[in-house]
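# Results of the structural survey
Okay, here's what each chain looks like letter by letter:
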Amino acid sequence: MHPAIEVIQLKRLFRKKQARRTWRTVVALDSVDLEIEEGELFGVLGPNGAGKTTLIKILATLLLPTSGQAFVDGIDVVKDPFSVRRRINMVSGGEHSGYGILTVRETLWMFSQFYGVPGRVARQRIEELLRVVGLEEEANTKINRLSTGMRQKMNFARGFVSDPKIVFLDEPTLGLDVGAARDVRNFIKSWVKDRPGRTVLLTTHYMTEAEELCDRVAIIDRGKILACDTPENLKRRVKKDSVFHLEVEGLASWDGLRGLAGVKQLVATPRDGFTELRFILEREDVLSRLLGEITNHGSRVLYLKKTEPTLEDVFIELVGRSLEVDTAER
Ligand SMILES: Nc1ncnc2c1ncn2[C@@H]1O[C@H](COP(=O)(O)OP(=O)(O)OP(=O)(O)O)[C@@H](O)[C@H]1O
Ligand SMILES: [Mg+2]
């Protein structure tokens, strides 16, 4: 038995144009190794530019690797892309595929026929998918009349009309409102659970999404996989440390705090009128020294809480910066 997805020393370089006709090489994927078993709901979590889309595009045969190998359902994506395509489907958040003059239902029908789904099965599946993503009322709307979120839901449904063996979802909940994102997540979960042998690889920069949804998560940054495990095990790495969340008023600089003995990581986010600080401390007793340091400089602590580590803290510990800060700038 082969894994559903196997990636060996995968590398992808891009040449990026700089000012004045100079070029720079960007390492989008840097010797990535990955093995995903059949039936897994696997998440790739990382900030903007980490290499998530590049990885998905190579696996979906839309982009060639610079070096290394990738196999989908045991098939080499470079040597036999057509066999790979028969087994997969892919959805990208925010894509604008489709023909504006077709309705939602017609679009899904068209794609089902591209994949050769028998008519009766296709009709039934389309109605079910329309219900799941909450587009029943929009079924007869032309797709150029859809809002961004509705179009996103339709694209998502399109990814499942062929009932693929392996599905690639690139940021599937991007741009969806809270309720729609929840429906989509629930659908992904039950889709994998109800159909043995199906596999989902999704990318996200939403920590909670990875945590709630995925059997295993790979944390990726600057083309490198930094850790790969179940959300539980990833969090256990940080559990031995103490994670504190503080809100401080009148703090001009936090560099001194970062240098204190016992402070493993600090992420500071300036907010309106105060600064939010997230500390990972080696030991709990470092806290008193830390608070002393803050108040000695005339700052005031507005809020202090010891928190259970989240995947965000795992990311902070591994990378030294916050994923939330990165994505807030989106
Ligand atoms: N076609 C391209 N030409 C040049 N550079 C590219 C190209 N595609 C991606 N890159 C670069 O490769 C790196 C990885 O990009 P990628 O799109 O894989 O990141 P990502 O993790 O999907 O980010 P995001 O969260 O923003 O979608 C980035 O530095 C990006 O600028
Ligand atoms: Mg991307």
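Residues numbered from 1 in each chain as written. Chains lettered and ligands numbered in written order. Predicted model: local features only at pLDDT ≥ 70, side-chain atom pairs only at ≥ 80, totals over all residues. Heavy atoms only, no water.

### Brief notes about the overall build of the protein
Looking only at helices and strands, one finds 12 helices and 14 strands in the protein. Dimensions of the protein, computed from C-alpha atoms along their principal axes, come out at roughly 75 × 50 × 45 Å. Burial statistics for the protein: of 330 residues in total, 51% are counted as buried. Within the protein, contacts between residues separated by at least 24 positions form 69% of all contacts whose residues are at least 6 apart in sequence. As displayed, the protein offers around 16,200 Å² of accessible surface, 48% of which is attributable to carbon and sulfur atoms. (Helix = DSSP H or I, 4+ residues; strand = E, 2+ residues; numbered from the N terminus. Buried < 20%, exposed > 50% of the residue type's maximum accessible area, 1.4 Å probe, protein only. Contact = heavy atoms within 4.5 Å. Areas by Shrake-Rupley, 256 points an atom, 1.4 Å probe, with all protein chains shown as cover.)

### Considerations on the packing of aromatic side chains
Here the distance between the centres and the angle between the planes together describe a pair of aromatic rings. Per the stated rule, a full pass over the model turns up five aromatic pairs. With a centroid separation of 4.9 Å and 90° between ring planes, the pair formed by Phe160 and Phe187 is classed as edge-to-face. With a gap of 27 residues between them, Phe160 in the loop between helix H5 (148-158) and strand S7 (166-170) and Phe187 in helix H6 (residues 178-194) connect regions that are remote in the sequence. Its relative accessible area of 2% is what places Phe160 among the buried residues. (Phe/Tyr/Trp six-rings, centres within 6.5 Å; stacked < 30°, edge-to-face > 60°.)

### Observations concerning the nonpolar core
One finds Leu169, Ile188 and Val200 to be the most contacted residues of the largest nonpolar core, which totals 51 residues. Residue contributions to this core peak at seven residues, all from H6. Both of domain 1 (38-58 + 79-229) and domain 2 (236-328) provide at least three residues apiece to this core. When neighbours within four sequence positions are excluded, Ile188 is seen to be in contact with Leu41, Phe156, Leu169, Pro172, Val200, Leu202 and Leu213. Counting residues in each nonpolar core, the second largest holds 29 residues, with Leu29, Ile58, Val72 and Ala218 among its members. (Core = buried A, V, L, I, M, F, W, Y, C linked by side-chain atoms within 4.5 Å. Domains from an automatic or database assignment.)

### With respect to unusual backbone geometry
Positive phi, normally seen in glycine, also occurs at Gln9, with a value near 45°. Here Gln9 is to be found in strand S1 (residues 5-17). You can call Gln9 partly exposed: its relative accessible area is 41%. The phi angle at Arg20 is positive, at roughly 50°, despite the residue not being glycine. Structurally, Arg20 is set in the loop between S1 and strand S2 (23-36). What makes Arg20 exposed here is its relative accessible area of 79%.

### Concerning the site of ligand 1
The local shell around ligand 1 holds 14 residues, among which Lys16, Gly49, Lys52, Thr53 and Thr54 are the closest. Here an oxygen atom of ligand 1 sits 2.9 Å away from a polar atom, N or O, in the main chain of Gly51. A distance of 2.5 Å separates an oxygen atom of ligand 1 from a polar side-chain atom of Thr54. Contact with the protein chains hides 68% of the accessible area of ligand 1, taken as 640 Å² for the molecule alone. If you list the elements that add at least two residues to the shell around ligand 1, you get S1, S2 and helix H1 (52-59). Of the residues forming the shell around ligand 1, the biggest block, three residues, is contributed by H1. Of the residues contributing to the shell around ligand 1, the split by class is five nonpolar, five polar and four charged. (Near = heavy atom within 4 Å. Polar contact = N/O pair within 3.5 Å; in protein donor to acceptor, adjacent residues only side chain to side chain. Nonpolar A, V, L, I, M, F, W, Y, C, P; charged D, E, K, R; others polar.)

### Remarks on the domain arrangement of the protein
Split into domains, the protein comes out as domain 1 (38-58 + 79-229) and domain 2 (236-328). For domain 1 and domain 2, the distance between their C-alpha centres works out to 36 Å. Each partner contributes residues to the interface: domain 1 has 15 residues there, and domain 2 has 12 residues. Roughly 1,100 Å² of surface becomes buried between domain 1 and domain 2 when both sides are summed, with 74% attributable to carbon and sulfur atoms. Considering only the side of domain 1, the residues that lose the most area to domain 2 are Pro47, Met207 and Ile219, jointly responsible for 43% of the buried surface there. Taken together, domain 1 and domain 2 are joined by zero salt bridges. If you look at where domain 1 meets domain 2, you find one residue pair in polar contact (both at pLDDT 80 or more). Elements with a contribution of two residues or more to the side of domain 1 that touches domain 2: helix H7 (207-213), strand S9 (216-221) and strand S10 (224-229). The element that contributes the greatest number of residues to the side of domain 1 that touches domain 2 is S9, accounting for four residues. (Buried area = accessible area lost by both parts, 1.4 Å probe. Salt bridge = Lys/Arg side-chain N within 4 Å of Asp/Glu carboxyl O.)

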